[in-house]
Amino acid sequence: MNTIAERPHSACNELVLLLDDEPVLLDALEVSIERAGIKCVKASSIAEASSILQREGDNVFLVFLDWRLMEDGHVRTGADFLTICRKVNPLMPVIVMTGLGKDVWDVEGDALLAEADGFLAKPLRAVVVQGYVKRWLQRRRAMPKVFIPVTAADVRPLEDIERAYVRSVVKVCNNNNSLAAQKLGITRQTVGKLLNQE
């Protein structure tokens, strides 16, 4: 049986969030990303994107964010939503997009100062967008699954979590059971017993 730490991420739960006030660009981005086999959710406002992020939580593994958004006749910057993203999940990558030239606004500089993880100038090239998606998806899948359940289906018996955690500690201690036992505050025999239980 796979423990929660060992389960692969489910492709059906991997989403890219697209936030742009241009419907044509949103549709083109969606097509480009879904051709690579990844599902997207689209938003045309910060409020809509925030709602999606709250609803989907950890399923969203990447955000493409237009830096200049028109909402209710007012200009908003992507910094507003980037701040929300960092509060919800500080490690979630956010890629900023813009069609503004550097002579109008140094969006790239502003985005990087606001801790964006990447920058794309419009018009976007499908191969570049797909490259970002594949790279961040590969990184997400390489990360160990956290022991905190998100849904009822994620709940595992405590013994499974304990075994997985002990295995992880032994691994980071270069397979030294004595060192792992010392770090965990348990006996070497207990470590051995937990490792041998399957």
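Conventions adopted
- Every chain's residues receive numbers from 1 upward, in the order its sequence appears when written.
- In keeping with the model being predicted, local features are shown solely for residues with a pLDDT of at least 70 and side-chain atom pairs are shown and tallied solely at 80 or more, while totals for entire chains, interfaces and linings include all residues.
- Processing note: side-chain calculations cover all non-hydrogen atoms of the structure and skip hydrogens and water entirely.
- The helix and strand labels rest on DSSP assignments: H or I over at least four residues marks a helix, E over at least two residues marks a strand, and numbering proceeds from the N terminus.
- We call a residue buried when its accessible area falls under 20% of the maximum for its residue type, exposed when it is over 50%, and partly exposed in between, using a 1.4 Å probe and counting protein chains only.
- Should any heavy atoms of two residues lie within 4.5 Å, those residues are counted as being in contact.
- To measure how exposed things are, a 1.4 Å probe is used in the Shrake-Rupley method; for residues, cover is taken only from the protein chains shown.
- Buried Ala, Val, Leu, Ile, Met, Phe, Trp, Tyr and Cys residues form a nonpolar core when they are joined through side-chain atoms within 4.5 Å.
- One number per residue, pLDDT, summarises how confident the predictor is, and it ranges from 0 to 100.
- Strands are labelled as partners when DSSP assigns at least two bridges between them.
- Stacked, edge-to-face and tilted are the three classes for Phe, Tyr and Trp ring pairs, Trp counted by its six-membered ring, which pair at centre distances within 6.5 Å; planes under 30 degrees apart are stacked, over 60 edge-to-face, the rest tilted.
- Note that the arc is computed from the directions linking the helix axis to the C-beta atoms.

Draft legend 1. Quick look at the overall build of the chain. A tally of regular secondary structure across the chain gives eight helices and seven strands. Burial statistics for the chain: of 198 residues in total, 38% are counted as buried. Summarising the internal contacts of the chain: among those between residues at least 6 apart in sequence, 65% fall at separations of at least 24. Summing over all exposed atoms, the chain offers an accessible surface of approximately 11400 Å²; the carbon and sulfur share of this is 54%.

Draft legend 2. Structural detail: the nonpolar core. Formed by 23 residues in total, the largest nonpolar core has its most connected members in L17, L19, V63, L65 and F81. Top element by residues in this core is helix α2 (residues 46-56). It accounts for four residues. Other than its neighbours up to four places away in sequence, L65 contacts L19, G78, F81, L82, V94, I95, V96 and M97.

Draft legend 3. Local environment of unusual backbone geometry. The omega torsion across K122 and P123 is 0 degrees, close enough to zero to call that bond cis. Tracing the backbone shows P123 in the loop between β7 (118-121) and α5 (126-142). At D72, a residue that is not glycine, the phi angle is positive and equals roughly 50 degrees. Its identity is not glycine, yet N174 carries a phi of approximately 55 degrees, on the positive side. In this fold, N174 is placed in the loop between α6 (158-172) and α7 (177-184). What makes N174 exposed here is its relative accessible area of 69%.

Draft legend 4. The arrangement of the confidence of the model for the chain in detail. This prediction gives the chain a mean pLDDT of 83; 86% of its residues lie at or above 70. This model gives residues 1-10 a pLDDT under 50, and the stretch forms 28 contacts once residues within four places in sequence are excluded.

Draft legend 5. Summary view of the environment of M97. For M97, the location among the structural elements is in strand β6 (residues 94-98). On the basis of relative accessible area, M97 is assigned to the buried category, the value being 0%. Contacts of M97, omitting those with residues within four sequence positions, involve L19, D20, L29, F64, L65, D66, W67, L120, K122 and L124.

Draft legend 6. Molecular detail of the pairing of strand β4 (residues 68-71). Side-chain alternation along β4 places L69 and E71 on a buried face and R68 and M70 on a face that remains uncovered. Hairpin connection, β4 to strand β5 (residues 74-77): the antiparallel pair is bridged by two residues, and D72 has positive phi, about 50 degrees.

Draft legend 7. Geometry of the packing of aromatic side chains. Tallying each qualifying case throughout the model produces one aromatic pair. Ring geometry for F64 and Y132: centres 6.5 Å apart, planes at 90 degrees, overall edge-to-face. Taken together, the residues span a long stretch of sequence, with F64 in strand β3 (residues 60-66) and Y132 in helix α5 at a distance of 68 residues. A relative accessible area of 0% means that F64 is categorised as buried. By relative accessible area, Y132 is classed as buried at 14%.

Draft legend 8. Expanded view of the pairing of β5. By the bridge criterion, four bridges tie β4 to β5 in an arrangement that is antiparallel. The residue of β5 that forms the bridge with M70 is V75.

Draft legend 9. Quick look at helix α8 (residues 188-196). Here α8 has its buried residues at V191, G192 and L194. Down the axis, α8 shows its buried residues gathered within 165 degrees of arc, on one side only. Away from the buried face of α8 by more than 90 degrees, exposed residues Q189, K193 and N196 are located. Those residues of α8 that are buried lie in contact with α6 and α7.

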